Amino acid sequence: MFLGSVEKLQKFMYHLLGARAGSGLDACELILGHFSCGMWPLPDDLFDDEVQRRICQWFRHAVACRVRILKLRLLVEGVCTGNHWLELNGQPVASEYLTRLELGGVEVHSGFLRLSTCPALEHLVLESCDLLSLDWRISSASLKFLSITDSGFNPEIRNCIDAPNLVSLHLDEVWGRVPVLESMPSLTDAFIRITRGFDTCKHEYPSCMDCDCESCDTSIRIGGNNSPVLLKGLLEARNLTLISEPRKFIFKRDLRWCPTFSKLKTLLLNDYWCVPNDFRPLACILECSPVLEKLTLQLSSKWPKHEAQTERSVVPMEGSAAISEHLKIVEVKCQVSATSKH
């Protein structure tokens, strides 16, 4: 570090941001940690109260400087860490200039992401963040691009994402309870991957849409009503990726409401939708996508042996699926690991 000790760095940052006295700032990126293995080990005192207070102070100074793009990340060996978090207090960010906010390795307290005080904010990126103390909802009328990756929501109640003007949504590897998506009429692209968290059926390998086990039945009551959790907010999407670990019940539960994807043109699904002996989830979502043009099935060899067998009897479905007459391309991608036996 060219400034030497952590104390010198703190003084430098204090004078650098404080001396601007509110003058304009186009972009500010605060990165703490190190960038390559063996260099700049993370200081033991980085997480003491005084250092946390100063980091929060720098963050607020940048906001006061009318910054448009603001990034705060805790990095270890080039990636966000999930072992420690930087703490930001619950005071909302208030800026009429901020257009892009990125947080990595940050613990976000209740009230921080009530973003009505940021009327120009269009991009929000949360990576490896602790959102367990988050207030009921992430709310913004201006937000257009939202990405939440490897971050934790409340494990007991469902948080809510209320962003009616969202154009792009990326929700990947979140833990806790999957959040409820409110209506997003402007949504174009969405990527949803559910492989972690508490929304798990108690059966080892569920294959039916109408499971009434204790876990799946309880899921209906979490969130306070019987409406869909994810699919309600995805109905207007044109390009959609839906990936889930086999035991997660959210998508199959949501399909009970027979949603209609009236604008959906391209769809990517994984093995979750194509369980041998039960293709009802796949048939259902195809029936609900009347203008679909391209379907991609991304299959892997990670299923249990009894699910990976190629010779299986298929349970006939009642009636025939009303597949989109616009469907032109069906692409099947098979990912086979090097250790798989054929």
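The sections below set out a description of the structure shown in this document. (Residues numbered from 1 in each chain as written. Predicted model: local features only at pLDDT ≥ 70, side-chain atom pairs only at ≥ 80, totals over all residues. Heavy atoms only, no water.)

**Observations concerning the overall build of the protein**
Then, number 1: On a plain count of helices and strands, the protein comes out with seven helices and 17 strands.
Then, number 2: Across the 342 residues of the protein, 44% fall into the buried class.
Then, number 3: Taking contacts inside the protein between residues at least 6 apart in sequence as the whole, the part at least 24 apart equals 61%.
Then, number 4: Only carbon and sulfur atoms are counted for the fraction: they give 52% of the accessible area of the protein, which is about 16,700 Å². (Helix = DSSP H or I, 4+ residues; strand = E, 2+ residues; numbered from the N terminus. Buried < 20%, exposed > 50% of the residue type's maximum accessible area, 1.4 Å probe, protein only. Contact = heavy atoms within 4.5 Å. Areas by Shrake-Rupley, 256 points an atom, 1.4 Å probe, with all protein chains shown as cover.)

**Observations regarding the pattern of salt bridges**
Then, number 1: A full pass over the atoms with the stated rule returns 16 salt bridges.
Then, number 2: The closest approach of N and O atoms between Glu 102 and Lys 71, which form a salt bridge, is 4.0 Å. Highlighted residues: Glu 102 in strand β5 (residues 100-104) and Lys 71 in strand β2 (residues 69-76), separated in sequence by 31 residues.
Then, number 3: One salt bridge connects Glu 182 with Lys 232, and the closest N-O pair in it is separated by 3.6 Å. One end of the pair, Glu 182, is in the loop between β12 (180-181) and β13 (189-194); the other, Lys 232, is in helix α4 (residues 231-234), with 50 residues separating them in the sequence. (Salt bridge = Lys/Arg side-chain N within 4 Å of Asp/Glu carboxyl O.)

**As for the sheet that holds β12**
Then, number 1: Strand order in the open sheet made by the three strands is β8-β10-β12, with parallel pairing throughout. Single-partner strands in this sheet number two, and they are β8 (137-139) and β12.
Then, number 2: Relative to β12, strand β10 (residues 160-162) runs parallel, the two being bridged by two bridges. Paired with Ile 161 across the two strands is Leu 181, which belongs to β12. (Pairing = 2+ DSSP bridges.)

**A look at the nonpolar core**
Then, number 1: Judged by nonpolar contacts, the single largest core of 80 residues is most densely connected at Leu 103 and Leu 234.
Then, number 2: A total of seven residues in this core trace back to one element, the largest contributor, which is helix α2 (residues 49-64).
Then, number 3: Setting aside residues up to four positions removed in sequence, Leu 234 forms contacts with Leu 169, Leu 181, Leu 187, Ala 190, Ile 192, Leu 240, Leu 242 and Phe 261. (Core = buried A, V, L, I, M, F, W, Y, C linked by side-chain atoms within 4.5 Å.)

**Brief notes about the side chain of Ser 244**
Then, number 1: By the element assignment, Ser 244 lies in strand β14 (residues 239-244).
Then, number 2: For Ser 244, the contacting residues outside a window of four places in its chain are Ile 194, Phe 251, Asn 270 and Tyr 272.

**Comments concerning the pairing of β13**
Then, number 1: Here β13 shows a clear split, with Ala 190, Ile 192 and Ile 194 buried on one side and none of Asp 189, Phe 191 and Arg 193 buried on the other.
Then, number 2: Taken together, the five bridges between strand β11 (residues 168-172) and β13 define a ladder with parallel strand orientation. Following the sheet pairing, His 170 is matched in β13 by Phe 191.
Then, number 3: Bridge analysis of β13 against β14 gives six bridges, and the strand direction is parallel. Of the residues in β14, the one forming a bridge with Ile 194 is Ser 244.

**Some details on unusual backbone geometry**
Then, number 1: Here Asp 150, not a glycine, exhibits a phi torsion of approximately 50°, which is positive.
Then, number 2: Here Asp 150 shows up in the loop between β9 (145-149) and β10.
Then, number 3: With phi around 45°, Cys 258 is a residue other than glycine that occupies positive phi space.
Then, number 4: Here Cys 258 is to be found in the loop between α5 (250-254) and β15 (266-270).

**Quick notes on α2**
Then, number 1: With 16 residues, α2 ought to run about 22 Å at 1.5 Å a step, and its terminal C-alpha atoms sit 22 Å apart, in line with that.
Then, number 2: For α2, the complete set of buried residues consists of Val 51, Gln 52, Ile 55, Cys 56, Trp 58, Phe 59, Arg 60, Ala 62 and Val 63.
Then, number 3: Immediately beyond the C-terminal end of α2, within one or two residues, lies Arg 66, with a positive phi of roughly 60°. (Expected span 1.5 Å × (residues − 1).)

**Here's the deal with the state of the cysteines**
Then, number 1: Under the defined criterion, the tally for this structure stands at zero disulfides.
Then, number 2: For Cys 258, which is in no disulfide, the shortest distance to another cysteine sulfur is to Cys 284 and amounts to 5.4 Å. (Disulfide = S-S within 2.5 Å.)

**Looking at the packing of aromatic side chains**
Then, number 1: This model, assessed by the stated rule, comprises four aromatic pairs.
Then, number 2: On the basis of an interplanar angle of 40° and a centroid distance of 5.4 Å, the ring pair of Phe 251 and Trp 273 is categorised as tilted. On the criterion of sequence distance, the pair formed by Phe 251 in helix α5 and Trp 273 in the loop between β15 and α6 (280-287) is long-range, its members being 22 residues apart.
Then, number 3: Accessibility expressed as a relative area gives 1% for Phe 251, which makes it buried. (Phe/Tyr/Trp six-rings, centres within 6.5 Å; stacked < 30°, edge-to-face > 60°.)

**Looking at the side chain of Ser 151**
Then, number 1: Within the secondary structure layout, Ser 151 lies in the loop between β9 and β10.
Then, number 2: Here Cys 129 takes part through its backbone nitrogen, which lies 3.0 Å from a polar atom of the side chain of Ser 151.
Then, number 3: For Ser 151, the side chain forms a polar contact with the main-chain oxygen of Thr 149, separated by 2.9 Å.
Then, number 4: Those residues in contact with Ser 151, other than ones at most four positions away along the chain, are Leu 126, Glu 127, Ser 128, Cys 129, Leu 131, Glu 173, Val 174 and Trp 175. (Polar contact = N/O pair within 3.5 Å; in protein donor to acceptor, adjacent residues only side chain to side chain.)

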